[in-house]
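Listed below, chain by chain, are the residues.
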Amino acid sequence: MSQRIGFTVWFTGLSGAGKSTLAEALSARMLAQQIAHEILDGDLVRTNLSKGLGFSKEDRDTNIRRIGFVANLLTKHGVPVLTAAISPYKAIREECRALIGPERFVEVHVHAPLDTLVERDVKGLYKKAIAGEIKNFTGVSDPYEAPEAPHVHVDSSTESIEQSLEKLWRHLVERGFIKA
């Protein structure tokens, strides 16, 4: 595989917004272009690198710092990285941006309104959180600090995956990370 420019695409958004889905779509397109890369999915990282962490602010920050640390290691060695984690707090996202380097960091805000997320939620976690049965649930009883000026903003309630992917792909081409 030929790609050797390291960069990190940092997908952020509420649970169920489509971060992992869009990361997987980007991954498939990158593979079709023979661009070697890695995906750091928040759920997988939490299971493997952050096992034992809870959902307090401190534990969430630790989890995101770990994702940022691994993304930085890969990026500085020429590996494109796709991260898909809620990463609810602006300060920690900014810390990761500074670590990786703003010239190699692409922030993608994957948005969907809460009512759409509740409809999509097959596990019923949003309904439980809204009913007060789950504490510290991001976007319900715990804050989500949306990016103020992401490089790419997608709304998965109004855009198809293909439309969102095309918008993101164009941005990566414009920044020189990939070829058209």
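All of the points below concern the structure found in this document. (Residues numbered from 1 in each chain as written. Predicted model: local features only at pLDDT ≥ 70, side-chain atom pairs only at ≥ 80, totals over all residues. Heavy atoms only, no water.)

**Brief notes about the pattern of salt bridges**
One pass over the structure, following the stated rule, counts nine salt bridges. The residue Asp142 makes a salt bridge to Arg60 at a minimum N-O spacing of 3.8 Å. Residue Asp142 is found in the loop between α6 (125-130) and β5 (152-155), and its partner Arg60 is found in helix α3 (residues 57-76); the two are separated by 82 residues along the sequence. No difference in accessibility class separates Asp142 from Arg60, as the two residues are buried. Between Arg97 and Glu94 there is a salt bridge; the shortest N-O distance is 3.1 Å. One end of the pair, Arg97, and the other, Glu94, are both in helix α4 (residues 90-100), three residues apart, so they sit about a helical turn from each other. Residue class for Arg97 comes out buried when judged on its relative accessible area of 15%. (Salt bridge = Lys/Arg side-chain N within 4 Å of Asp/Glu carboxyl O. Helix = DSSP H or I, 4+ residues; strand = E, 2+ residues; numbered from the N terminus. Buried < 20%, exposed > 50% of the residue type's maximum accessible area, 1.4 Å probe, protein only.)

**A closer look at the packing of aromatic side chains**
The final tally for this structure, using the stated rule, is three aromatic pairs. Between the aromatic rings of Tyr126 and Phe137, the centroid separation amounts to 4.9 Å while the plane-to-plane angle is 75 degrees, which identifies the pairing as edge-to-face. You can see Tyr126 sitting in helix α6 and its partner Phe137 sitting in the loop between α6 and β5, a full 11 residues away along the chain. Residue Tyr126 shares its accessibility class with Phe137, and that shared class is buried. (Phe/Tyr/Trp six-rings, centres within 6.5 Å; stacked < 30°, edge-to-face > 60°.)

None of this, on its own, says anything about what the molecule does.
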